Amino acid sequence: MSIFDIVDVTIIAVVIYRLLMLVRRSRAAQVAKAILLLLAALVLSSSSVLNLRVIHFFLSHMVEMGMLALIVVFQPEIRRFLEQLGSTTLGDMFSREEAPPEVEEAISQTVQAYASLSRDKVGALMVFERKVPLDDIIKTGTALDSTVAAELLKNLFWNKAPLHDGAVIVRNGHIVGAGCVLPLSGNINLSRDLGMRHRAGIGMSENSDAVVAIVSEETGSISVAVNGMLKRHLAPETLERLLRNELLPKEETTGSSNKLSALFKSKKGDKNDGEEVHGK
């Protein structure tokens, strides 16, 4: 085995892993399971033991005609994969990513504002851009260029402010848009008690790698959406930990913070640790 064989296998493994992570816990996950079952049935029907010629005939033709249907079914996941692939540079693979110094201050100011908005039951929706550009989303609102400040956020989300109904977009620690319209989640299995603000936040996280922080106008509870999953009923301290884990490089995070993926996998938790929602 040569070095090129190892590189070949590694690239294929990474691509398959990224594809599996994209369809994990989404509507496409059920479709992927059905496809695997059909492929398993196709292999079994063609085996010398069963030799189910009629079933093999129909299944083989379904596989041939189903390639175009798969592109349509997995269109959102394919788009996300290509966007993430296009936004990854060669330097990102070989050098440590460094977040701008403004990002840490933006997290601190966001937590302060969300703690106040949560107490006052003022709705809020913030999107933290990462690798996938959100220029199309920014164009739906009002372009801004400002540092993130707690008082500014509270003014933007005040229920009589002109831009309070839309989302605030944060790029590299700066507010670049307000009053922006986000795509709603197409997941029909979401809980009925989730309002439009939460569905927009989940939809944004489904269509990009952004981190979305939400305050419910009805209950004042704080939530975070990442990769189509929603973590609800968060304390301000937990919100800060989640944002730091996702927006800052690992070397810059402080304390014994757990990874966000581990937090999202927890099935139980008290009011401070939050409740996970991912399509049920």
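Because the structure is a prediction, the values reported are computed rather than measured. (Residues numbered from 1 in each chain as written. Predicted model: local features only at pLDDT ≥ 70, side-chain atom pairs only at ≥ 80, totals over all residues. Heavy atoms only, no water.)

Quick look at the pattern of salt bridges now. Applying the stated criterion across every chain, the model contains 7 salt bridges. Salt-bridge contacts for Glu-151 lead to Lys-154; the nearest nitrogen and oxygen are separated by 3.1 Å. With Glu-151 and Lys-154 both in helix H8 (residues 150–156) and 3 residues apart, the pair spans about one turn of that helix. Between Glu-217 and Arg-197 there is a salt bridge whose closest N-O contact spans 3.8 Å. Taken together, the residues span a long stretch of sequence, with Glu-217 in the loop between strand S5 (211–215) and strand S6 (222–226) and Arg-197 in helix H9 (residues 196–207) at a distance of 20 residues. For Glu-217, a relative accessible area of 39% puts it in the partly exposed group. For Arg-197, a relative accessible area of 17% gives the class buried. Look at the salt bridges and you will find they share partners, linking Glu-129, Asp-135 and Arg-171 into a network. (Salt bridge = Lys/Arg side-chain N within 4 Å of Asp/Glu carboxyl O. Helix = DSSP H or I, 4+ residues; strand = E, 2+ residues; numbered from the N terminus. Buried < 20%, exposed > 50% of the residue type's maximum accessible area, 1.4 Å probe, protein only.)

We now examine the environment of Leu-184. Following the sequence through the fold, Leu-184 ends up in the loop between strand S4 (174–180) and H9. Between the C-alpha atom of Leu-184 and that of His-198, which follows or precedes it by 14 residues, the distance is 8.7 Å.

We now examine the pairing of strand S3 (residues 167–171). With 4 of its 5 residues buried, S3 lies for the most part within the structure. Relative to S3, strand S1 (residues 124–128) is paired through 3 bridges, and the arrangement is parallel. Among the inter-strand pairings, Val-127 is bridged to a residue of S3, identified as Ile-169. Judged from the 4 bridges that link them, S3 and S4 form a sheet pairing that is antiparallel. Residue pairing across strands places Ala-167 opposite Cys-180, the latter belonging to S4. (Pairing = 2+ DSSP bridges.)

In this section: unusual backbone geometry. For Asn-172, which is not a glycine, the phi torsion comes out positive at approximately 55 degrees. In this fold, Asn-172 is placed in the loop between S3 and S4. Of note, His-233 is a non-glycine position whose phi angle comes to about 55 degrees, a positive value. Counting through the fold element by element, His-233 comes out in strand S7 (residues 229–234). What makes His-233 partly exposed here is its relative accessible area of 28%.

For the pair helix H6 (residues 101–120) and helix H10 (residues 236–247), interaxial distance at closest approach is 10 Å and the crossing angle is 155 degrees. In terms of axis orientation, H6 runs roughly antiparallel to H10. Relative to H10, H6 is oriented so that their crossing is right-handed. Of the residues in H10, those in contact with Val-103, Glu-104, Ile-107, Thr-110, Val-111, Tyr-114 and Ala-115 of H6 are Pro-236, Leu-239, Glu-240, Leu-243, Arg-244 and Leu-247. Its residues assigned to classes, the contact of H6 with H10 shows 9 nonpolar, 1 polar and 3 charged. (Axes fitted to C-alpha atoms, helices over the stretch in contact; angles between N-to-C directions. Parallel < 35°, antiparallel > 145°, perpendicular 65-115°, else oblique. Left-handed = near helix turned anticlockwise from the far one by under 90°. Contact = heavy atoms within 4.5 Å. Nonpolar A, V, L, I, M, F, W, Y, C, P; charged D, E, K, R; others polar.)

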